[in-house]
Amino acid sequence: MAAALLLTGCSVVVSAAEPAGTVATPPAAVPASAAPAGSIDARALLATLPVKGKAPKTGYDRVGDFGPAWDLPGQACSTRDLILARDLTDIVRDGPCKVTSGTLHDPYTGKTISFRRGVATSAEVQIDHRVPLANAWQTGAQQLTFEQRRQFANDPLNLVAVDGPTNAKKSDGDAATWLPPVKPYRCEYVAAQVAVKARYHLWVAPAEHDAIDRILAGCAPVMVPQPGAATPTER
């Protein structure tokens, strides 16, 4: 399928606003000319990222460095609820924000998950940072301000609702050590990582770069936002 898309000159578009769809087949392709203004091919953007070793994880503190989970000042709803509302279908809310139920077509595993909010069930659907916070800390985020890191932790471009146990297995792995089990989704997954790293001026480790480049080489062109095309606060 990827080869066919390359021959037809089509592309996949990664957008922070797109819901995650069913991924039993590769993401739908669109003509490259139809990509949003300000988009760039992810593989070309990858070539602009610095490549160097990871910094030590010394001093990393999730809350101290990136702020409380899913809380962005000035945002009416929690980031978790915003992403659940974006990525789930058939959602039910309690009030204007709280998503109490819905259906997730998990892009990582291909499973359909019935989400019910509750102490025993909420963790079945988790919100993944495609670029993990610890990875960001080791690849340049130490140089960002606290507010920039807080925006990073809540940026929809980097977030996706997924199967909870699968997300737990990922931990803070980068593309060299962990990839979604559903292979067709890997194109979009690593392309989003490139876009996020470019947006926040982060680098990629050598093995991480090579893994991303190898995956994108086998994909139809994946269009992602250029750095500066949209900031987290503009969405």
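None of the values given here were measured: they were computed from a predicted structure.

Enquirer: Account for the nonpolar core, with residues named and values stated.
Expert: Counting 43 residues, the largest nonpolar core has Phe66, Phe152, Val222 and Val224 as the members making the most contacts within it. Among the elements of the structure, α2 (42-46), α5 (133-138), α6 (146-153), β8 (159-163), α8 (186-199), α9 (206-217) and β9 (222-225) are those that each provide at least two residues to this core. Sorting elements by how many residues they give to this core places α8 first, with nine residues. Among the nonpolar cores identified, the runner-up in size contains 12 residues, and Trp70, Val99, Ile127 and Ala161 belong to it.

Enquirer: Please give an account of the sheet that holds strand β5 (residues 98-105) that cites residues and values.
Expert: The strand order β4-β5-β6 describes an open sheet built from three strands, whose pairing is antiparallel. Every other strand in the sheet has two partners, leaving β4 (89-94) and β6 (112-116) as the edge strands with one partner each. Neighbour to neighbour, the strand axes of the sheet diverge by 10° on average, direction disregarded. In this sheet, β6 lies alongside β5 in antiparallel orientation, the contact comprising five bridges. Note that in β6 the partner of Leu104 across the bridge is Ile113. Along the sheet face, helix α4 (residues 79-87) touches β4, β5 and β6 and points at about 40° away from the line of β5.

Enquirer: Go over the packing of aromatic side chains, please, and point to the residues and values.
Expert: Per the stated rule, a full pass over the model turns up eight aromatic pairs. Summarising the aromatic geometry, the rings of Tyr60 and Phe66 are spaced 6.3 Å apart at their centres and angled 65° between planes, so their arrangement reads as edge-to-face. Relative accessible area serves as the criterion here: at 1%, Phe66 is assigned to the buried category. Aromatic side chains Tyr60 and Trp137 sit 6.2 Å apart centroid to centroid with 50° between the ring planes, which places their arrangement in the tilted category. With Tyr60 in the loop between α2 and α3 (62-66) and Trp137 in helix α5, the pair connects residues that are 77 residues apart, well separated along the chain. Residue class for Trp137 comes out buried when judged on its relative accessible area of 9%. A connected cluster of aromatic rings, assembled from ring pairs, spans Tyr60, Phe66, Trp137, Phe152 and Tyr200. Here Lys52 stacks its cationic end above the ring of Trp203, 4.0 Å away from the centre of that ring.

Criteria and cut-off values
Residues numbered from 1 in each chain as written. Predicted model: local features only at pLDDT ≥ 70, side-chain atom pairs only at ≥ 80, totals over all residues. Heavy atoms only, no water. Core = buried A, V, L, I, M, F, W, Y, C linked by side-chain atoms within 4.5 Å. Buried < 20%, exposed > 50% of the residue type's maximum accessible area, 1.4 Å probe, protein only. Helix = DSSP H or I, 4+ residues; strand = E, 2+ residues; numbered from the N terminus. Pairing = 2+ DSSP bridges. Axes fitted to C-alpha atoms, helices over the stretch in contact; angles between N-to-C directions. Contact = heavy atoms within 4.5 Å. Phe/Tyr/Trp six-rings, centres within 6.5 Å; stacked < 30°, edge-to-face > 60°. Lys NZ or Arg CZ within 6 Å of the ring centre and 35° of its normal.

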